[in-house]
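Structural overview
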Amino acid sequence: MSHPEEKPAAAASSQRWGFSTRSVHAGEARQKPGDAITDPIFCAATYTFPDTQSVIDYIEQKLPREEYGRYGNPSEKVVERKLAALEGAEEAVLFSTGMAALVGLLMAKLNAGDEIIFFDECYHRSREFCARHLSRFGVVTHQVTACDYEAMEAAITPRTRMLVSESPTNPHLSVVDLERFVQIGRRHGVETLIDATLATPYNLQPIRAGVDYVLHSCTKYLAGHNDLLAGVVIGSSEKLEEVRKLRGIMGSISSPHNIYLLQRGLKTFELRMQRHNENGLAVARFLEQHPRVERVYYPGLESHPYHQVAQRTMRGYGGLVTFLVKDADWRQTADVVDRVRIFRIAPSLGGVESLIEQPLVMSYYECTPEERKRFGIPDNMIRLACGVENAEDLIADLAQALG
Ligand SMILES: *Cc1c(COP(=O)(O)O)cnc(C)c1O
């Protein structure tokens, strides 16, 4: 019986493969335990050694294998190799959630007295972790206006260790000019991190652009079925060594069943992304010409402030579409949300089911009006996460909800 570590269809050959071939085959052994076509779910908390010499060989890193469940799982290695191959990177470290990946990366890399700089349009919990928790360990977080590269560069001090941004951002879908972002980091010897959850490796390739770390909430498009949580940090093996070690201490790992579902979801990744991209663009175009819509945020629209950067750097623009309902207060906006029949009211994005939410209510309800103004969250904002249904049905649903 072959071990999944044996001859994975990884590295060299997989880098020449097309995207979907990689998402189906990369990282997998050709022959698997039980001669099954699928990778097994290893429900093992610990792994046995045949004799003492094998223990010594493992510790001296002569024998690639597992030791104890908190440090890794053979199927998890398969998924990590697949994710690294999709990104064109050396290594991926899988975490239990996207937030665990962010916390793990920053805790592994930062020391008391260090500073990091964020573009200010970002996932609410990322901001909260830095402001409330990293600060307790003496790490200072500076926030500058999204895509203001001069402001980011001006905020760099000798203590700056990392530049951080999402691309596209949530929910405004601003797109970072990766070339400029990377240049600032290189000029000052500061590492760069892009949370590319909204783009995915299908639409954006930050590692190829020179970014040091890419982070994804795999909960979203990568897993794609709204049925699991996971996160990943991707980069060079050298840079990720400490991250993997800290994960082994934190224990923020995925369950064996979760890993199986993620690998299964990844098989259809390119197909799903193509449909998410088509649906996002079709819905955005429909909304843009609707008389009850004040403004649409979608990087694929010519009217979007970052359309040109997006065209230059992205393959498609994803399923997330944000819009403002014209002359509507928060209640009239909620009425639109409450009238849809296909979109489900829920946070999250990237799954096969289309979702709808009013950011004011879903994510920013506890903020003061001043804070919401600062974060750019008006009362009449709606965020759609287009799934893989038929675009004409999604459009008809929105038409009746707005009508
Ligand atoms: C959802 C999300 C996260 C957090 O991921 P979880 O898997 O929910 O922990 C981080 N960043 C972005 C951009 C997200 O959309």
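This text gives an overview of the structure that appears in the document. Computed from a predicted structure; not experimentally measured. (Residues numbered from 1 in each chain as written. Predicted model: local features only at pLDDT ≥ 70, side-chain atom pairs only at ≥ 80, totals over all residues. Heavy atoms only, no water.)

1. Examining the packing of aromatic side chains
Enumeration according to the criterion identifies eight aromatic pairs in this entry. On the basis of an interplanar angle of 70° and a centroid distance of 5.4 Å, the ring pair of phenylalanine 19 and tyrosine 202 is categorised as edge-to-face. Residue phenylalanine 19 is found in helix 2 (residues 19-25), and its partner tyrosine 202 is found in helix 9 (residues 200-203); the two are separated by 183 residues along the sequence. Both residues of the pair, phenylalanine 19 and tyrosine 202, belong to the buried class. When the ring of tyrosine 364 is compared with that of phenylalanine 375, the centres are 6.0 Å apart and the planes differ by 50°; the resulting orientation is tilted. Here tyrosine 364 is found in the loop between helix 15 (359-362) and helix 16 (369-375), whereas its partner phenylalanine 375 is found in helix 16, with 11 residues between them in sequence. You can call tyrosine 364 buried: its relative accessible area is 6%. (Phe/Tyr/Trp six-rings, centres within 6.5 Å; stacked < 30°, edge-to-face > 60°. Helix = DSSP H or I, 4+ residues; strand = E, 2+ residues; numbered from the N terminus. Buried < 20%, exposed > 50% of the residue type's maximum accessible area, 1.4 Å probe, protein only.)

2. So, the site of the ligand
Thr97, Gly98, Met99, Tyr123, Glu166, Asp195, Thr197, Leu198, Ser217, Thr219, Lys220 and Ala230 make up every residue found near the ligand. Between the ligand and methionine 99 there is a distance of 2.8 Å, counted from an oxygen atom to a backbone nitrogen or oxygen. Contact distances for the ligand include 2.8 Å between an oxygen atom and a side-chain N or O atom of lysine 220. Its free accessible area being 380 Å², the ligand has 94% of it covered by the protein chains. Looking at side-chain class alone, the shell around the ligand contains four nonpolar, five polar and three charged residues. (Near = heavy atom within 4 Å. Polar contact = N/O pair within 3.5 Å; in protein donor to acceptor, adjacent residues only side chain to side chain. Areas by Shrake-Rupley, 256 points an atom, 1.4 Å probe, with all protein chains shown as cover. Nonpolar A, V, L, I, M, F, W, Y, C, P; charged D, E, K, R; others polar.)

3. Section: the state of the cysteines
Taken as a whole and assessed by the stated rule, the structure comprises zero disulfides. With no disulfide of its own, cysteine 218 has cysteine 122 as its nearest cysteine by sulfur position, at a separation of 19 Å. On the basis of relative accessibility, which here comes to 0%, the residue cysteine 218 falls in the buried class. (Disulfide = S-S within 2.5 Å.)

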